[in-house]
Amino acid sequence: MTPDDPGPAASPAVPGAADPALAREPPGHDPPDPLSSADSLDSPEPPDPREPPRASRREAALIAAAVAAGTAVAVGFAFNPARGGSSALLAAPGALYALLAAFAVAWLRRRGELRAAFRPRSGDLARGAFVAAALYGLAMAVQLTLAPRGSPREAWILRLYLQLGDPSADARVFVGAAVFVIAALEEVVWRGLVMRALEGPLGLTAAWLLSSALFAAAHLPTLFLLGDPFAGPNPLLVAAGLGCSLVWGRVVHRTGRLPPAIFAHAFFSWAIVSFPIWRP
């Protein structure tokens, strides 16, 4: 080779071959898109799989409306004066709440909350009995204040107990037992199903208040069915439903479980029937 020989021609440059950043990328790897990275920062975090799913507004509304409407129909049927003292008085709400409680148990199981909702603890029975005794004393105080003996409003209490039947009858013990069971099922439905479903879209406080209001509204037929020509519409069951429901819902929120409220509801209803706050 002579000094004048230019030597072999330089090979043409391959695009991107001299780029060290691209040379380090493995084949088939695309550089990250800064826009997609920014979007991923704004995307919501996936839900915690350990937490039960929240009920949607539609599901909660359907559950609350169906339970309230069904209860109103059963209450209207049971407290019709034509059925006073008959077995239909307890059969109608008993059948309804047995079906609704079965649905509530299946609903809680599907959500993975059944065991936590019904988990027993020591003191549940005593706590429920204490709340029931406090409500029973309050009911007596309300009766003495709003419907004392000799007043026209005494007819409200009279109509209620006449509907339940003769308080001195031998079969009264079976009526008390049936009321105990129905009240326990009622608590499973209203606190375990309705209030729990409403907590998803509304939150704890709003669900507590709305479920209590719906429980009271479901007893509105008794305003007229148990009314009196002189005393007027009978507000006792509506007012008792609202006040007691607020208490039982509060018990569920404080304990996080259903058994204390179930015992409180069942013991109170049983005591009202077995130990009447009014006697002729």
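A.B. asks: Is there a simple way to think about helix 7 (residues 154-164) in this case?
C.D. replies: Side chains of residues three or four places apart in an α-helix project in the same direction, reflecting 3.6 residues per turn. With eight of its eleven residues buried, helix 7 lies for the most part within the structure. Within the span of helix 7, buried status applies to Glu 154, Ala 155, Trp 156, Ile 157, Leu 160, Tyr 161, Gln 163 and Leu 164. Buried residues belonging to helix 7 abut helix 3 (57-78), helix 4 (88-111), helix 6 (124-146), helix 8 (172-202), helix 11 (236-255) and helix 12 (259-274). Within two residues after helix 7, Gly 165 carries a phi angle of roughly 110 degrees, on the positive side.

A.B. asks: How should the pattern of salt bridges be read in this particular structure?
C.D. replies: A pair can form between side chains of opposite charge whenever their charged atoms are brought close. Scanning the model with the defined rule gives eight salt bridges in all. Across the salt bridge formed by Glu 113 and Arg 196, the nearest N and O atoms sit 2.6 Å from each other. In this pair, Glu 113 sits in the loop between helix 4 and helix 5 (114-118) while Arg 196 sits in helix 8, placing the two residues 83 residues apart along the sequence. With a relative accessible area of 10%, Glu 113 lands in the buried category. For Arg 196, a relative accessible area of 25% translates into the label partly exposed. Put simply, Glu 154 and Arg 149 hold a salt bridge, and the shortest N to O gap is 3.4 Å. By relative accessible area, Glu 154 is classed as buried at 15%. Owing to a relative accessible area of 55%, Arg 149 belongs among the exposed residues under this scheme. Taken together, the shared-partner salt bridges in this structure form one network comprising Arg 111, Glu 113, Arg 196 and Glu 199.

A.B. asks: Looking at this structure, how should I read the environment of Ala 74?
C.D. replies: Take Ala 74: it is sitting in helix 3. Remark: the alpha-carbon pair of Ala 74 and Tyr 97, spanning 23 residues in sequence, is separated by 9.5 Å. Apart from residues lying up to four places away in sequence, Ala 74 is in contact with Ala 92, Pro 93 and Leu 96.

A.B. asks: What should I look at first to understand helix 3 in this one?
C.D. replies: An ideal rise of 1.5 Å per residue puts 32 Å on 22 residues; helix 3 measures up with 31 Å between its terminal C-alpha atoms. For helix 3, the secondary structure elements touched by its buried residues are helix 4, helix 7, helix 8, helix 9 (204-217) and helix 10 (222-225).

The rules behind the values
Residues numbered from 1 in each chain as written. Predicted model: local features only at pLDDT ≥ 70, side-chain atom pairs only at ≥ 80, totals over all residues. Heavy atoms only, no water. Buried < 20%, exposed > 50% of the residue type's maximum accessible area, 1.4 Å probe, protein only. Helix = DSSP H or I, 4+ residues; strand = E, 2+ residues; numbered from the N terminus. Contact = heavy atoms within 4.5 Å. Salt bridge = Lys/Arg side-chain N within 4 Å of Asp/Glu carboxyl O. Expected span 1.5 Å × (residues − 1).

Note that every value here comes from positions in space, so none of it alone points to a role or purpose.
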